[in-house]
Structures are given as structure tokens and as C-alpha cells.
Amino acid sequence: QKEVEQNSGPLSVPEGAIASLNCTYSDRVSQSFFWYRQYSGKSPELIMSIYSNGDKEDGRFTAQLNKASQYVSLLIRDSQPSDSATYLCAVMVERDDKIIFGKGTRLHILP
Amino acid sequence: EAQVTQNPRYLITVTGKKLTVTCSQNMNHEYMSWYRQDPGLGLRQIYYSMNVEVTDKGDVPEGYKVSRKEKRNFPLILESPSPNQTSLYFCASSLIPGRVNTEAFFGQGTRLTVV
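Below is a summary of the structure that appears in this document. Just so it is clear, the model here is predicted, and its values are computed rather than measured.

We now examine the overall build of chain A. Within chain A, the regular secondary structure consists of zero helices and eleven strands. The helix and strand sequence of chain A, counted from the amino end, reads β-β-β-β-β-β-β-β-β-β-β. Its C-alpha atoms give chain A a radius of gyration of 13 Å, within 12% of the compact-globule value 13 Å for 111 residues. Here chain A, with 111 residues, has 44% of them falling under the buried criterion.

Shown next as C-alpha cells:
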């Protein structure tokens, strides 16, 4: 059973600080990795995708991928109250037909 | 505007009364899927479709049916809804997994209550 693991949180971070969200996955041949943000009662929205080892930056967001350690993370710099949401990690395995989601980490930015 | 449209957004129904939740996408995506989301359980895949007339079971298919007669539409059918199907449902579409840029685009969600 392929799994994507995330700490459920809540993770509380002061406004302006860096929020660090982590995700591990079980399948070594996983190919594509995504971070979605979901506000309560709303649909998930894609904020970052990463396909190769290393860092990928987009504005205040940085995704980090380490395939050897089967680990992907999301850093949010200068955290804002509007970043308070649940963050879903998703993994796609090349040979499968599925995108597998973690259960999400609740992030709370403290004003 | 690229989007995935689900209807209805909210639905309250009684046990055993057949219902259909529609899903339509305008991005010409081959891959479409249905998820349910429950507290503490995350997003669980119900059914998915790789293309027209090709559907497969996900992780929690019991009590659901789907069809894919056209590329843009992927309705979810509950033949005889039961209270344990009360949930928040999402439809999603993407390019075929295995290609780059296969991120999923989600519909707005359908909150279903079965009494």
C-alpha cells in the first residue's frame, strides 16, 4: 500500500516567521510531487509542484525534494494569517494511475 | 477560464433515493476522478477514469457508480445512498498521470448529507 504521511498538526507559527511543512512517501519510484492548500470547506488548490531533487521557489513558497530520503517539504516565508489552512501533500507514481494524497497538515499563523 | 464544475454544491437527501452529482471540465483532460473527504481520513479516491469509456475503482468504490461517455463529463451516481455516504465530495481532472504537469484541478465540492 503506497502511503503519503504528514503530521496532522496543528502547526502554529508566528506571523512573519517561516512555516515548515513535511511529507514522506513510501514508493521509491514516485515521480511528481505537489502541495495543495485547502481552506476549510473549500476545494484544494495547487500551490507548488516539484519533479526533481532540490529546491523550487515561487514567491514566498519553496518546495524541497529529496528522493533518496523519500521526503518533500514546503517552506512558507514571511507567514501571513491568510496562510492559515490545511496543506495537502500529493504524490504521483509513474506506473500507477493515481495521485495519492496525504491527510494534510493544519497550519495556524498566529497574528 | 479553465475550470472543473460540480453540481449541486449542497444536497440533502433521504436514504435510498438515487442521486447524481455532475462534474464537467473544460481543459480537455483525459484523467478525471472523484474523491470523498472526511474528517481525519483525508481525500480518498472513489473512482477514476483514464479516458472515455475507461473507468476504474479507487480506494472506496462501494456504493458508487460512475460513467464516462464524454471526455468532459464524469458524473458520480449513488444508486441507494446511505448515511455513511454523508461527506464532502470533490471531482478532479488532470492530464494522464505519468506526464509532467499532471497536477489535479478540483471542482468546488459537493457537500452531501444523507438522512
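Having seen it, we continue.
Here we take up the interface of chain B and chain A. Taken together, the 26 residues of chain B in the interface contact 20 residues of chain A. Buried surface at the junction of chain B and chain A, both sides included, amounts to about 1800 Å², of which 55% is carbon and sulfur. Connecting chain B to chain A are zero salt bridges. On inspection of chain B and its partner chain A, the count reaches three residue pairs in polar contact (both at pLDDT 80 or more). Elements with a contribution of two residues or more to the side of chain B that touches chain A: strand 4 (31-38), strand 5 (42-51) and strand 9 (87-94) of chain B. Examining the composition of the side of chain B that touches chain A, we find that five residues originate from one element, strand 5 of chain B, more than from any other. Classifying every residue of the side of chain B that touches chain A gives eleven nonpolar, eleven polar and four charged.

About the criteria used
Residues numbered from 1 in each chain as written. Chains lettered and ligands numbered in written order. Predicted model: local features only at pLDDT ≥ 70, side-chain atom pairs only at ≥ 80, totals over all residues. Heavy atoms only, no water. Helix = DSSP H or I, 4+ residues; strand = E, 2+ residues; numbered from the N terminus. Rg over C-alpha atoms; globule rule 2.2 N^0.38 Å. Buried < 20%, exposed > 50% of the residue type's maximum accessible area, 1.4 Å probe, protein only. Contact = heavy atoms within 4.5 Å. Buried area = accessible area lost by both parts, 1.4 Å probe. Salt bridge = Lys/Arg side-chain N within 4 Å of Asp/Glu carboxyl O. Polar contact = N/O pair within 3.5 Å; in protein donor to acceptor, adjacent residues only side chain to side chain. Nonpolar A, V, L, I, M, F, W, Y, C, P; charged D, E, K, R; others polar.

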